[in-house]
Amino acid sequence: MTTGRPAPIHYALAAVLLVHLPVVALVGDQAWDDGAITLAFSRTLAEVGLFALTHSPVVEGSSSLLVAGLN
């Protein structure tokens, strides 16, 4: 039975957008580089088992071990 009120998920989505849209507008495309590096570390970890940017020797660069592991 519907009550005509928005579902709680709509409130959660609105809250997420209200928080993230200003951050995205402020940061712009500057965060893409770090995200791409973290994804590259994740892919190499999944394919080869090394926490490295490529198949070359291990280098520094990923800012989040947790995110790389989750990817």
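Scroll up a little and you will see the structure.
Anyway, here's the lowdown on the structure attached to this text. (Residues numbered from 1 in each chain as written. Predicted model: local features only at pLDDT ≥ 70, side-chain atom pairs only at ≥ 80, totals over all residues. Heavy atoms only, no water.)

**Focus on the overall build of the chain**
Stage number 1. The secondary structure content of the chain amounts to 3 helices and 0 strands.
Stage number 2. Tracing the chain from N to C terminus, the helices and strands come up as α-α-α.
Stage number 3. By the burial criterion, 11% of the 71 residues in the chain qualify as buried.
Stage number 4. Pairs at least 24 residues apart make up 36% of the contacts formed inside the chain by residues separated by at least 6 positions.
Stage number 5. For the chain, the accessible area works out to roughly 5,800 Å², and carbon and sulfur atoms hold 69% of it. (Helix = DSSP H or I, 4+ residues; strand = E, 2+ residues; numbered from the N terminus. Buried < 20%, exposed > 50% of the residue type's maximum accessible area, 1.4 Å probe, protein only. Contact = heavy atoms within 4.5 Å. Areas by Shrake-Rupley, 256 points an atom, 1.4 Å probe, with all protein chains shown as cover.)

**Concerning the side chain of S42**
Stage number 1. Inspection of the secondary structure puts S42 in helix α2 (residues 32-48).
Stage number 2. By relative accessible area, which is 6% here, S42 ends up buried.
Stage number 3. S42 has contacts with V67, A68 and N71, leaving out every residue within four places of it along the chain.

In short, geometric facts, not functional conclusions.
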